[in-house]
Amino acid sequence: MARRKKGDPVSGWLCLDKPYDLSSTSAVSRVRRAFNAQKGGHAGTLDPLATGILPIALGEATKTVPFLVDADKAYRFTIQWGRNTTTLDREGETTGTSDVRPTREQVEAELAAFIGEVDQIPPNYSAIKVDGERAYDLARDGVEFELATRKVTIHALRVLDAPDADHIVLEMECGKGTYVRAVARDLAAALGTCGHVDQLRRTRVGRFSEDTAISLETLENLSYEARLSEALLPVETALDDIPALAVTDEDAFRLAQGRAIVLLPRQVETLKAELTPGDRTVSAMVGERLVALCEMRAGRLNPVRVFQLT
């Protein structure tokens, strides 16, 4: 006899505005408790030091998390000049100091070298695994190791403000795997000084932005008023870049059973025009209900992930 899952079968996305000094895992736990949801997860870890957009998936939406993890992101962050730290942010121990204070003009002149596909060494205090262990655990234990250089893509990097000689505020739009703390480290080094991240806010993950973000306080108020459903976004919110195909109830039934459906030639041509090169993923919809994520091959849709949504 199957064990009954604890909680309610809640499905959807929540665009959380994560507060300072709260881990991503703790944020998911608080959201799950608010909804009494059976299952939850997040798309892209946000450090406790950071605030901002943390997309949280509940129920069936967890099946779409991989599509959002790969999405582009945007950050607003402040660098404080004059001190390097172990963690590359203000909470780390000092590893070096400098009296050099770059001007806004000097910073702006250096930014072009950081835009495009660039080589980046991730921070030692990161979730990357080294021989099966998290890098931040090894770093905290004093283990010496080196992380390999990775290719990352930075679409845009600009100065927003320079409030005083010790601080500068920047905005960055980037692809997956880009570390803001590493950008601060490398920019300071390029300018012949020391620096670390003093403030960090993520402003966008894919189509999740500050416009639709909700705070934990607001979420808890909605819970008291039995209006939590107002905060939930549809499961397919994370699939914004994936072509959608309307299918019949009969085809939806076949897909739900794990069976492929045959496409009409005009459907194949329409989907080919919408798919990016090398991609075959299509979402099958009945009205506004997501039925399955499928792979299109040889004129057929083969279900890869099936959704139990009502």
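Residues numbered from 1 in each chain as written. Predicted model: local features only at pLDDT ≥ 70, side-chain atom pairs only at ≥ 80, totals over all residues. Heavy atoms only, no water.

### Describing the sheet that holds strand 16 (residues 281-286)
By definition, the strands of a sheet pair up through backbone hydrogen bonds, in either a parallel or an antiparallel sense.
Then, number 1: In space, the five strands of this open sheet follow the order 14-16-17-18-15, with mixed pairing throughout. Strands with a single pairing partner mark the edges of an open sheet, and in this sheet they are strand 14 (244-246) and strand 15 (261-262).
Then, number 2: Pairing of strand 16 with strand 17 (residues 289-297), which is carried by six bridges, proceeds in the antiparallel orientation. Bridge pairing links Val-282 to Cys-294 in strand 17. (Pairing = 2+ DSSP bridges. Helix = DSSP H or I, 4+ residues; strand = E, 2+ residues; numbered from the N terminus.)

### Quick look at helix 5 (residues 180-190)
Then, number 1: Within helix 5, the full set of buried residues consists of Val-180, Arg-181, Ala-182, Val-183, Ala-184, Leu-187 and Ala-188.
Then, number 2: Looking at the buried positions of helix 5, the neighbouring elements they touch are strand 4 (73-81), helix 3 (104-110), strand 7 (116-120), strand 10 (150-164), strand 11 (167-174) and strand 12 (195-205). (Buried < 20%, exposed > 50% of the residue type's maximum accessible area, 1.4 Å probe, protein only. Contact = heavy atoms within 4.5 Å.)

### Overview of the domain arrangement of the chain
Then, number 1: Per the domain assignment, the segments making up the chain are domain 1 (12-71 + 207-231), domain 2 (73-205) and domain 3 (244-306).
Then, number 2: Here domain 2 and domain 3 have C-alpha centroids that lie 42 Å from each other. (Domains from an automatic or database assignment.)

### Re the nonpolar core
Then, number 1: Membership of the largest hydrophobic core comes to 45 residues, with the highest contact counts inside it found for Phe-77, Leu-170 and Leu-219.
Then, number 2: Both domains that meet at this core, namely domain 1 (12-71 + 207-231) and domain 2 (73-205), each give it at least three residues.
Then, number 3: Setting aside its immediate chain neighbours within four residues, Leu-219 contacts Leu-14, Val-31, Ala-34, Phe-35, Ile-214, Leu-228 and Ala-231.
Then, number 4: Formed by 20 residues, the second largest nonpolar core is a distinct cluster that contains Ala-43, Ala-61, Val-235 and Ile-242. (Core = buried A, V, L, I, M, F, W, Y, C linked by side-chain atoms within 4.5 Å.)

### Points about the pattern of salt bridges
Then, number 1: Enumeration according to the criterion identifies 18 salt bridges in this entry.
Then, number 2: A salt bridge links Asp-70 to Lys-176, with the shortest nitrogen-to-oxygen separation between them at 3.2 Å. With Asp-70 in the loop between helix 2 (65-69) and strand 4 and Lys-176 in the loop between strand 11 and helix 5, this pair connects stretches of sequence that are 106 residues apart.
Then, number 3: With a closest N to O distance of 3.8 Å, Arg-76 and Glu-210 form a salt bridge. With Arg-76 in strand 4 and Glu-210 in the loop between strand 13 (208-209) and helix 6 (216-224), the pair connects residues that are 134 residues apart, well separated along the chain.
Then, number 4: According to the relative accessible area criterion, Arg-76 is partly exposed, its value standing at 30%.
Then, number 5: Ionic contacts of the salt-bridge type, sharing partners, join the residues Asp-17, Arg-76, Arg-201 and Glu-210 into one network. (Salt bridge = Lys/Arg side-chain N within 4 Å of Asp/Glu carboxyl O.)

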